[in-house]
Amino acid sequence: MEIELKFNIPSAEVAARIWDNELFKESEEAGSREELYFDAKYFDTENCDLAKNDIAYRVRIEGDRHVAALKWKGHSEDGLHVREEINVPVDSDFPDPSVFRESNVGSQVAELIKDKELKCFLETTVNRKRFRIDTGSGIFEFSIDSGEIATKYGTCPIEEVEVELFSGETDELISIGNLLQEKYDLSPENESKYARGIRMIKENR
């Protein structure tokens, strides 16, 4: 399961201040800071069989590796996103949902797709800066994302910060998010990148 908070970043200046913040200096894991380029392609059938069943299938380039993911049963409130997720390392960005065949949701995907062709209908490109903190009771990852969502109808920008729960309690995640939100006057983001892309497609059909 993936549990994370998302907030919109109003400007590049605020993004830089978050990256250089002193809020969590004492609990930041040494050597955890890094910058990566992510290129994520989302696949579905011509009839959007996966989207209709609230399933997202993504293959993402993460630095020097490829990772395939299925996400489903998602919901969000006040910037808190909770959803089921499976990630599998793969060799390329070619869609091959059979890598999930050992899971129940993988079997569901296979039944929905059958022999239909999968097409990339949505792509996100992101420059991500990230670091981890260890509070002693939980481990969390901060990510600052700058990039864009692209569909055949156009593009829209991505400027957001995510705080993901790696281990510990959701209550502590929310407390950390509250500190971040208050210090930088951030607004919660209830739509994932995928959901924003889907909305763009629906609005332009």
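If you're wondering where the values come from, they're calculated on a predicted model, not measured in any experiment. Numbering of residues starts from 1 in every chain and runs along the sequence as written. Only residues with pLDDT of at least 70 get local features here, since the model is predicted, and only at 80 or more are side-chain atom pairs given and counted; chain-wide, interface and lining totals rely on the full set of residues. Calculation of side-chain values draws on the structure's entire complement of heavy atoms; hydrogens and water are dropped beforehand.

Participant: Is there a simple way to explain the packing of aromatic side chains in this structure?
Facilitator: Working definition: an aromatic ring pair is given by the centre-to-centre distance plus the angle between the planes. Aromatic pairing here means that ring centres of Phe, Tyr or Trp (its six-membered ring) are within 6.5 Å. Orientation follows from the plane angle: under 30 degrees is stacked, over 60 is edge-to-face, and everything else is tilted. Tallying each qualifying case throughout the model produces seven aromatic pairs. An angle of 5 degrees between the planes, with centres 5.0 Å apart, marks the rings of Phe131 and Phe142 as stacked. Pair noted here: Phe131 is in strand 6 (residues 119–134) and Phe142 is in strand 7 (residues 139–151), with a separation of 11 residues, a long-range link. Assigned by exposure class, Phe131 and Phe142 land together as buried. Each helix corresponds to a stretch of at least 4 residues labelled H or I by DSSP, and each strand to a stretch of at least 2 residues labelled E; elements are numbered beginning at the N terminus. Residue exposure (1.4 Å probe, protein chains only): buried if accessible area is under 20% of the type maximum, exposed if over 50%, otherwise partly exposed.

Participant: Help me out: how do you make sense of the side chain of Thr124 in this one?
Facilitator: Its place among the elements puts Thr124 in strand 6. Residue Thr124 is classed as buried on the basis of its relative accessible area of 5%. Once residues within four sequence positions are removed from consideration, Thr124 is found in contact with Phe38, Asp39, Ala40, Tyr42, Glu148, Ile149, Ile158 and Lys193. The contact rule is simple, with two residues in contact once any of their heavy atoms fall within 4.5 Å.

Participant: Looking at this model, I keep getting lost on the pattern of salt bridges. Mind explaining?
Facilitator: Think of a salt bridge as a Lys or Arg side-chain nitrogen and an Asp or Glu carboxyl oxygen that are within 4 Å of each other. Under the defined criterion, the tally for this structure stands at 25 salt bridges. Asp145 is the salt-bridge partner of Lys193, the closest N and O atoms lying 3.1 Å from each other. Here Lys193, found in helix 5 (residues 193–204), pairs with Asp145, found in strand 7; they are 48 residues apart in sequence, far enough to count as distant. Taken individually, Lys193 and Asp145 each receive the classification buried, so the pair is uniform in this respect.

Participant: Hey, could you run me through the state of the cysteines in this one?
Facilitator: The term disulfide refers to a covalent linkage connecting the sulfur atoms of a pair of cysteines. The definition used for a disulfide is geometric: two cysteine sulfur atoms within 2.5 Å. Here the structure, examined in full by the defined rule, presents zero disulfides. The thiol of Cys120 is unpaired, and the distance to the nearest cysteine sulfur, on Cys48, comes to 12 Å. Judged by relative accessible area, Cys120 falls into the partly exposed class, the value being 38%. Distance from the sulfur of Cys156, which forms no disulfide, to the nearest cysteine sulfur (Cys120) is 14 Å. Using a relative accessible area of 18% as the deciding quantity, one classes Cys156 as buried.

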